[in-house]
Amino acid sequence: MRGPLGAVIGRYPSSDGSTQVSGIIRHNRKCRDVAFLVIFIAFWVAMIVNSSFGFNKGNPLRQVSFLALFINILTSKTQMGLTYGLDYKGNVCGDRHAHPGLRELELTYWLNSNQVYLSGLKNSQFKLANARSICLLDCPIPSEDGLNWVCDYPEGEIRLSVDDWIDRNYDYFEFLTPEMRNTSLQLQGPCYPVIFPSVNVYWRCQYVARASNVSMRHWQQMGGVNINEDIIIDKSIHRSINARSSVLKRYVADIEKSWPVLIVCGGLLPLFVSVIWLLLIRHFVAAMPWITVALFNILIIAVTMFYYLKAGWIGNDAISPIIGALDPYYHVFGRELNHLRAAAVLMTFIMVVSILTSIAIVHRILMATSVLKVAAKVIGEVQALIIFPVMPYAILGIFYMFWFAAAFYLFSSGQIVQNNCNSNCCAYDLVSKRVNCDRCCGYSIHYTPHISIAIFFHLFGCYWATQFFIACSSTVIAGSVASYYWARGETSPEIPFLPVFSSMKQLIRYSLGSVALGSLVLSFVESVRFILESIRRKLKVANTTPESCMGKTVYHTSRFCFQCIEWIIRSVNRNAYIMIAITGKSFCRASAIATELIISNILRIGRVNVIGDVILYLGKLCVSLSSALFAFLMLDTHKYRSSHNKISSPLLPVLVCWALGYVVATLFFAVVEMSIDAIILSFCQDSEEHQGTAQYAPPLLMETLGDQNEMQRLTQ
């Protein structure tokens, strides 16, 4: 058993040698864990340099998915595509700085349908990425009484501007020389016939394998080469659009397009709801557990119903991959819809479990009320606690805006290079005035290993910074509450007028290194767990998971143990921050003190704190669920259903709003959470310092924690 803290808490000698009775936290502290503070500062410098690289090299038009990049790194692939496709020159569709300028020309169209057909054959070496494609404003459709053409970008002898070319529906066949017309009939350009209708599917012109009889007849009468009409031309493009990497890229693009939703539903709304919850817990503490449980059930049912709506299982509002007007004769389903349906099933399971759990804890809500009353009393006395979380919220909000902006550039900082291929394809070059067979390969974005490392560093930096700011907020709150406790809840000349700002000053001056160490440990464990989980899924897909009973046991036991370690570290960190605020010790020493106090008083803490933590957790879920619900409502407006700003699926923006709402709620609910934990740990330390009888505990806390008869009953 360790000795009492003595000079830190409780009685300590005054300057004249007499013993001064004061439970006030000692202020003459020392800087702790300075080395980790230096590491954290160096990390921030590296984050700025890393982001500057993205701003210099990136292009947000070619958004890529960091999840797709992670998958490709695990499979040793570095080739990535774009949200907006590339044309045969390597230009990004929609890029006004391309040559020629492609502003508003955002759709990728494959000129040669035979190349599309060839790319869809099972044993073909020809890839769709190498088929000749250009960027258009809209998808061409066949003529009802003739033959439409889509011609290459106007160059050389074709004296047309891009605007005139667009106004002519990309058709300048009448200006071609006999030689050019002959190569066009051989499907070598510069003009290509529009035989198949096409629809805009995620900014790609998806062929519909339904050839126009009129257009085909005109083509054959002109002496054109044979055009394949198989369903393969439909499936080839659809397979490319529906690939896992393409879906993940569109998800990231959805985040970029829905940034106003992230600000409103992920930032402002949870701020408002969290403040309202704190005010209500301050004035209506007896009713808040009941309100929280009821509101949680209502919100989780509402969010689940929205998943069912967007999945098409309720009503006719299922998401569609077609951009713009829907073709009544053409139906296509993407992975996004399947993901929404899977999310709906998962939410149904979570909803049922949550409702049953909330019913099970109803009879214990009175116990939670007694715990929350203690926190409400502290918040009432230290009123600055309600306002304080606005400060870390603002800092974290600025950081997220910087991080997302840098992320969009960093994730698109790859190099556009021409593919290596052995394709046998030729096309007429308007500049050289001849058929050129040398440049048949298309373009893709390639990532060098240092870009992959930069992206991983950026992701890790986001998580570490988030945990650091939350830890700082928790430590300041714990210090403020501890000051209140050790002054017996009364005004003392040694207690600062605003204990929140005094606690903040102590944190900045002495304990930032300790907070940096604690947040680093948690971030490292989370990162390792994420990597191991990703490897596990890859092994599962590859059917290389252990087959023996012993192997499966070890496999699943290791997962469970790692999750337990993560939970323990989270719990130890939170209590360590409290002891850092109270004692000013280093992170490791504070963790040891907190752990010993908890083990010595496990029954006393557990019987009042578990249900209180459950109510607080439900409260944070209420805030995050409200963010998700309003995100669904905002994304259902015309702005995000129209052609240019249409999102492929509300799934990821809603999940991001859910996560941001939970982070914001964590900042504000930490006021109640850390108040309860700091009061309980201070009570335990007070009891240990005074032979089992707390001397500084307020009456309400003694009533809640000091029932010795109840303690005896629990230990029997």
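Our subject is the structure that appears above.
In what follows, the accompanying structure is described. Every chain is numbered independently, its residues counted from 1 as its sequence is written. In view of the model being predicted, local features appear only for residues whose pLDDT reaches at least 70, and side-chain atom pairs are presented and counted only at 80 or more, with totals across whole chains, interfaces and linings using the full set of residues. Computation of side-chain values: all heavy atoms of the structure, hydrogens and water removed.

Things to note about the nonpolar core
Each nonpolar core is a collection of buried residues, namely Ala, Val, Leu, Ile, Met, Phe, Trp, Tyr and Cys, held together in the definition by side-chain atoms within 4.5 Å. Relative accessibility decides the category of a residue: with a 1.4 Å probe and only protein chains considered, values under 20% of the type maximum give buried, values over 50% give exposed, and everything between is partly exposed. Judged by nonpolar contacts, the single largest core of 130 residues is most densely connected at Val303, Tyr307, Phe399 and Val672. Looking at this core element by element, the count peaks at 23 residues for helix α20 (residues 651-689). Pairs of residues are marked as contacts when any of their non-hydrogen atoms sit within 4.5 Å. With residues up to four places along the chain from it excluded, the contact list for Val672 reads Trp277, Leu278, Ile281, Leu372, Ala375, Ile379 and Leu616. Grouped together as the second largest cluster of nonpolar side chains are 63 residues, Tyr153, Leu160, Tyr172 and Leu430 included. Secondary structure elements are defined from DSSP: runs of H or I of at least 4 residues count as helices, runs of E of at least 2 residues count as strands, and each element is numbered from the N terminus.

What about the state of the cysteines?
Criterion for a disulfide: a pair of cysteine sulfur atoms at a distance within 2.5 Å. The final tally for this structure, using the stated rule, is three disulfides. Between the sulfur of Cys93 and that of Cys135 lies a disulfide, 2.0 Å long from S to S. Disulfide Cys93-Cys135: the torsion about the S-S bond is -80°, which places it as left-handed. Here Cys135 lies in strand β5 (residues 133-136) and Cys93 lies in the loop between β3 (79-80) and β4 (107-110), a separation of 42 residues in the sequence. Each member of the pair, Cys93 together with Cys135, is buried. Not engaged in a disulfide, the cysteine Cys265 finds its nearest cysteine sulfur in Cys657; these two sulfurs lie 5.1 Å apart.

Thoughts on helix α3 (residues 113-120)
Counting buried positions along α3 gives seven out of eight residues, so the element sits mostly inside the fold. Within α3, burial applies to Ser113, Asn114, Gln115, Val116, Tyr117, Ser119 and Gly120. If you follow the buried residues of α3, they end up packed against β4, β9 (204-207) and α7 (232-241). Residue Asn112 occupies the N-cap position of α3, its side-chain oxygen lying 3.0 Å from the main-chain nitrogen of Asn114. Polar contacts here mean pairs of N or O atoms no more than 3.5 Å apart (in protein, one a potential hydrogen donor and the other a potential acceptor; neighbouring residues in sequence count only if both atoms are side-chain atoms).

Considering unusual backbone geometry
In the Ramachandran plot, Tyr170 falls in the positive-phi region, its phi being about 65° despite a non-glycine side chain. Along the polypeptide, Tyr170 turns up in the loop between α4 (162-167) and α5 (178-185). At Lys433, a position not held by glycine, the phi torsion is positive, near 60°. Relative to the helices and strands, Lys433 resides in the loop between β11 (427-429) and β12 (434-436). Look at Lys433 and you get partly exposed, because its relative accessible area is 45%.

A few points about the pairing of strand β8 (residues 198-201)
Burial along β8 is two-sided: Ser198 and Asn200 and Val199 and Val201, pointing in opposite directions, are all buried. A pair of strands is considered paired only if DSSP assigns at least 2 bridges between the two. In this structure, β8 lies alongside β9, joined through four bridges in antiparallel fashion. Looking at the pairing, Asn200 lines up with Cys205 of β9. Connecting β8 to the antiparallel partner β9 that follows it, the hairpin turn spans two residues, and Tyr202 within it adopts a positive phi of roughly 50°.

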